[in-house]
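Reading the structure
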Amino acid sequence: MAIGDTLRITPLAEGRKLPFWRSPIALLAVMAFAMPVAFATWSALLNNFVIEVARFDGSDIGWLHTVREIPGFFAIGVIFLIIFIREQVLGLVSLILLGVATAMTAQFPSLGGLLFVTLLSSIGFHYYETVNQSLQLQWIEKDRAPQVLGWLMSVGSGATLLAYLLIVLTWRAYDLSYDFVYWISGGATAVLALACFLIYPQFESPDPQHKKMILRKRYWLYYALQFMSGARRQIFVVFAGFMMVERYGFEVHHITSLYMVTLLINMFIAPVLGQVVARFGERLALIVEYTGLALVFVMYAGLYVFDWGFQFAAVLYVVNHIFFALALAIKTYFQKIADPSDIAPTAAVAFTINHIAAVFLPAGLGYLWLTSPTAVFVAAAGMACISLALSFLVPRHPKAGHETILANRAAQPAE
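Predicted, not measured: the structure shown is a model, and the values here were computed from it. (Residues numbered from 1 in each chain as written. Predicted model: local features only at pLDDT ≥ 70, side-chain atom pairs only at ≥ 80, totals over all residues. Heavy atoms only, no water.)

Observations regarding helix H9 (residues 178–199)
In this model H9 runs 32 Å from its N-terminal to its C-terminal C-alpha over 22 residues, within 8% of the 32 Å that 1.5 Å per residue would give. Along H9, the positions that sit buried rather than exposed are Tyr178, Val181, Tyr182, Ser185, Gly186, Thr189, Ala190, Ala193 and Cys196. The arc that holds every buried residue of H9, seen down its axis, measures 150°, which confines them to one face. Looking at H9, the residues exposed on the side facing more than 90 degrees away from the buried face are Ile184 and Val191. (Helix = DSSP H or I, 4+ residues; strand = E, 2+ residues; numbered from the N terminus. Expected span 1.5 Å × (residues − 1). Buried < 20%, exposed > 50% of the residue type's maximum accessible area, 1.4 Å probe, protein only. Arc of directions from axis to C-beta.)

What follows is the structure, encoded as structure tokens:
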């Protein structure tokens, strides 16, 4: 294989005929593996690092996550960048930025320094995620999408599990420093992304993507689901792990062990959930997800009223992640209703919509956390209930022209 071969534009149909290890799906799998190596390590160490080293309180962590979400709000910039840079290249460059910024994290043990390096890593993370979602929906056939997306989620869970396992086995045994672990994990992600430049051809989708902002009225339910998903998820991402450290005194190896259990379960259940979505449809999957999440957040709030103990909190954390895995149904719902040329710009718009609430919620709720952590989780339960109401509008068989149960209802079979 010559390096020049990797720079050749290869039609997607031709790419699917390559050996599996050089195929588009294999590239998506390698990227799915590389991203969590840096991001999962950053997340696993973050709460302990900011409390033990940077001396953060609830307000500080809220501000950190607000800054972390700003690049997600500006993910719409991907539309401008793909005018000049191929999506595949932009995704890999973003992975390299994520890796390098993660490697530098421990060099900035202050609020100002961490806000700066977190902003850089977040640009890499959010631009990668935006492009990755677009490439997945362009490169994976519709009839296989739920199963393949579930499999890719399993690959990402496996990478995360590996990172957590290494932390648990080595953190105390070798008295590792935050600096060393961040350098190793971030460097590994950057090296894997660079290798992808050398190994894989530039795959060309048969449907040229619009390179301008696309907002279509018929996608309104997809936009609404994305908005509520971003708002609800931020509360969990920011405060669930922080609670385990602040309230129950979890150390690095404790919180990482909890993450490992979660990832081990997701490795096996994500492909199964993909098959469930393929069999029963996006509507039922989303209804089950949001019903479960509403109940979980109510019980999170109950932890501060009834003090059910850290074991119950740990179980809730795992169950929450299982329900989150059903979120792949939002992707496949959009794939079914979208014009193929809308996928890239709409992925960028959707990522921005997903992060509207994420920009101000962490900081605002960080102040609320100082007085009432219970109220924070009650708010999350309310958001899950709004998502549940929206999910009932998803058709059993969504498609272009039948994006909601309200669209052309008279012409469609009964739901």
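Text resumes after the structure shown.
Structural notes on unusual backbone geometry
A positive phi angle, close to 50°, is found at Asp175, a residue other than glycine. With respect to the secondary-structure elements, Asp175 resides in the loop between helix H8 (145–170) and H9. Using a relative accessible area of 66% as the deciding quantity, one classes Asp175 as exposed.

Overview of a nonpolar patch on the surface
Taken together, the side chains of Ile70, Phe73, Phe74, Leu97, Leu119, Ile123, Phe227, Ile356 and Phe360 present a nonpolar region at the surface, about 690 Å² in accessible area. Elements with a minimum of two residues in the nonpolar patch: helix H4 (58–73), helix H7 (111–139) and helix H16 (356–371). Mapped onto the secondary structure, Ile123 falls in helix H7. Ile123 sits in the partly exposed class, given a relative accessible area of 31%. (Patch = residues over 30% accessible without salt bridge, like charges linked within 9 Å, V, L, I, M, F, W, Y side chains within 5 Å. Areas by Shrake-Rupley, 256 points an atom, 1.4 Å probe, with all protein chains shown as cover. Salt bridge = Lys/Arg side-chain N within 4 Å of Asp/Glu carboxyl O.)

Here we look at the packing of aromatic side chains
Counted by the stated rule, this structure contains 16 aromatic pairs. What links up through ring pairs into an aromatic cluster is the set Phe49, Trp171, Tyr178 and Tyr182. Note that Arg22 overlies the ring of Trp21, its terminal NZ or CZ placed 6.0 Å from the centroid. It is Arg279 that lies over the ring of Phe280; its NZ or CZ is 4.9 Å from the centre. (Phe/Tyr/Trp six-rings, centres within 6.5 Å; stacked < 30°, edge-to-face > 60°. Lys NZ or Arg CZ within 6 Å of the ring centre and 35° of its normal.)

Describing the confidence of the model for the protein chain
Taken as a whole, the protein chain shows an average pLDDT of 85; of its residues, 95% reach a score of 70 or greater. By mean pLDDT, helix H1 (residues 3–6) is the weakest element of the protein chain at 48, and helix H6 (residues 87–103) is the strongest at 95. For the stretch residues 409–415, pLDDT sits under 50, and the model shows seven contacts to residues farther than four places along the chain or on other chains. (pLDDT = per-residue confidence, 0-100. Contact = heavy atoms within 4.5 Å.)

Here's the deal with the environment of Gly292
The residue Gly292 is located in helix H12 (residues 282–306) in this model. Taking the relative accessible area as the measure of exposure, Gly292 reaches 7% and is therefore buried. Each C-alpha atom of the pair Gly292 and Val319 lies 8.6 Å from the other, and the pair is 27 residues apart in sequence.

Some details on the packing of helix H3 (residues 24–52) against H8
In helix packing, the relevant descriptors are the interaxial angle and the interaxial distance, both defined with respect to the helix axes. At their nearest, the axes of H3 and H8 sit 8 Å apart, and the two run at 40° to each other. Judged by the angle between their axes, H3 and H8 are oblique. Crossing hand, H3 versus H8: right-handed. Residues Ile25, Leu28, Ala29, Ala32, Phe33, Pro36, Val37, Ala40, Thr41, Ala44 and Leu45 of H3 pack against Val148, Trp151, Leu152, Val155, Gly156, Ala159, Thr160, Leu162, Ala163, Tyr164 and Ile167 of H8. Residues of the contact of H3 with H8, tallied by class, amount to 19 nonpolar, three polar and no charged. (Axes fitted to C-alpha atoms, helices over the stretch in contact; angles between N-to-C directions. Parallel < 35°, antiparallel > 145°, perpendicular 65-115°, else oblique. Left-handed = near helix turned anticlockwise from the far one by under 90°. Nonpolar A, V, L, I, M, F, W, Y, C, P; charged D, E, K, R; others polar.)

Some details on the packing of helix H10 (residues 220–246) against helix H14 (residues 328–337)
As a packed pair, H10 and H14 sit with axes 10 Å apart at the nearest point and diverge in direction by 160°. One finds that H10 runs roughly antiparallel with respect to H14. The handedness of the crossing between H10 and H14 is left-handed. In this structure, H10 uses Leu221, Tyr222, Leu225, Gln226 and Ser229 to contact H14, whose residues at the interface are Ile330, Tyr333 and Phe334. In terms of residue class, the contact of H10 with H14 is made up of six nonpolar, two polar and no charged.

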